[in-house]
Amino acid sequence: MSNHYYSQSPDVKHNRQVHEVSLRGFTFRFMTDAGVFSKSGVDYGSQVLIDALELKSNARVLDVGCGYGPIGLTSAKLAEHGRVTMIDINERAVELSKENAKLNGISNISVLQSDLFEAVKGMTFDVIVTNPPIRAGKAVVHRIFEEGYDLLEQGGSMWVVIQKKQGAPSAKAKLESLFTEVEEVTKDKGYRIFRAVKG
């Protein structure tokens with residue numbers, strides 16, 4: 001199967017659409033397409049994460065599994081003097097994120113096609129944000145936590161959104177095995193937002 005949103009090259013037909021959405025007081029226009037996550041508009045989990053996110057204006061941020069870019073591009077607006085790196089395995093998502101950055105006049109970003117953290121090895125970040133690809137399986141999600149930990153500066157944080165029924169308790173336990181401090185920042189309609197701090 002190569003038409004999951006976590007495939008490298010989705011083979012479904014294009015169905016491009018533009019969605020306008022307000023996130024953190026900014027109005028965005030996002031081009032979406034078939035074969036990417038949440039193509040019909042920004043999913044609720046990402047919105048809950050975006051609403052909870054706390055970023056310094058100069059933060060260096062990594063968005064893991066960026067899709068067409070709502071979390072990363074909002075982060076770039078919040079960290080206006082910082083830099084956001086967005087990664088996704090899905091080449092269609094990567095192209096859309098680049099297009100959406102231009103569409104919204106956002107320049108403090110880089111978008112890279114990457115199998116997990118392959119393209120950002122050796123880089124370090126203040127903050128990692130992720131709406132992890134649950135359907136790719138628990139092993140992949142836990143690798144994001146483990147390998148992401150290594151890319152964070154001391155005192156850096158990882159922000160994760162995950163649904164209770166899709167493994168929030170085991171995700172929290174995994175984060176607690178790695179990070180000094182794990183806090184459930186908020187919960188909304190079954191979604192949990194965790195902030196894990198590297199001490």
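Above this text you will find the structure in question.
Below is a summary of the structure that appears in this document. (Residues numbered from 1 in each chain as written. Predicted model: local features only at pLDDT ≥ 70, side-chain atom pairs only at ≥ 80, totals over all residues. Heavy atoms only, no water.)

**Section: the packing of aromatic side chains**
By convention here, two paired aromatic rings are described through the distance between centres and the angle between planes. Overall, the coordinates contain five aromatic pairs when judged by the stated rule. Considering the side-chain rings of F28 and F30, the 5.3 Å spacing of their centres and the 10° angle between planes classify their relative orientation as stacked. A relative accessible area of 0% places F28 in the buried class. Here F30 falls in the buried class, since its relative accessible area comes to 1%. Between F30 and Y68 the ring centres are 5.8 Å apart and the planes differ by 55°, which places this aromatic pair in the tilted class. One end of the pair, F30, is in strand β2 (residues 26-32); the other, Y68, is in the loop between β3 (60-64) and α2 (70-78), with 38 residues separating them in the sequence. For the pair formed by F30 and Y68, the shared burial category is buried. Ring pairs connect the aromatic residues F26, F28, F30 and Y68, which therefore count as one cluster. Above the face of the Y44 ring, K189 is positioned so that its terminal group lies 4.6 Å from the ring centre. In this arrangement the basic side chain of K198 is found over the ring face of Y149, its NZ or CZ atom lying 4.4 Å from the centre. (Phe/Tyr/Trp six-rings, centres within 6.5 Å; stacked < 30°, edge-to-face > 60°. Buried < 20%, exposed > 50% of the residue type's maximum accessible area, 1.4 Å probe, protein only. Helix = DSSP H or I, 4+ residues; strand = E, 2+ residues; numbered from the N terminus. Lys NZ or Arg CZ within 6 Å of the ring centre and 35° of its normal.)

**Some remarks on the pattern of salt bridges**
Considering all chains together, one arrives at eleven salt bridges under this definition. Across the salt bridge formed by R195 and E181, the nearest N and O atoms sit 3.6 Å from each other. On the criterion of sequence distance, the pair formed by R195 in strand β9 (residues 191-197) and E181 in strand β8 (residues 181-188) is long-range, its members being 14 residues apart. With a relative accessible area of 21%, R195 lands in the partly exposed category. One salt bridge connects R192 with E184, and the closest N-O pair in it is separated by 3.3 Å. A residue is classified by how much of its surface remains accessible, and R192, at 13% relative accessible area, is buried. A single salt-bridge network, built from bridges that share partners, covers R60, D126 and E153. (Salt bridge = Lys/Arg side-chain N within 4 Å of Asp/Glu carboxyl O.)

**Brief notes about unusual backbone geometry**
Here the phi dihedral of R24 falls at roughly 55°; this positive angle occurs in a residue that is not glycine. One can find R24 in the loop between β1 (17-23) and β2. Classification of R24 as partly exposed rests on a relative accessible area of 34%.

**Focus on the environment of K198**
Tracing the backbone shows K198 in the segment after β9. Distance in space between the C-alpha atoms of K198 and F179 is 5.2 Å, their sequence separation being 19 residues.

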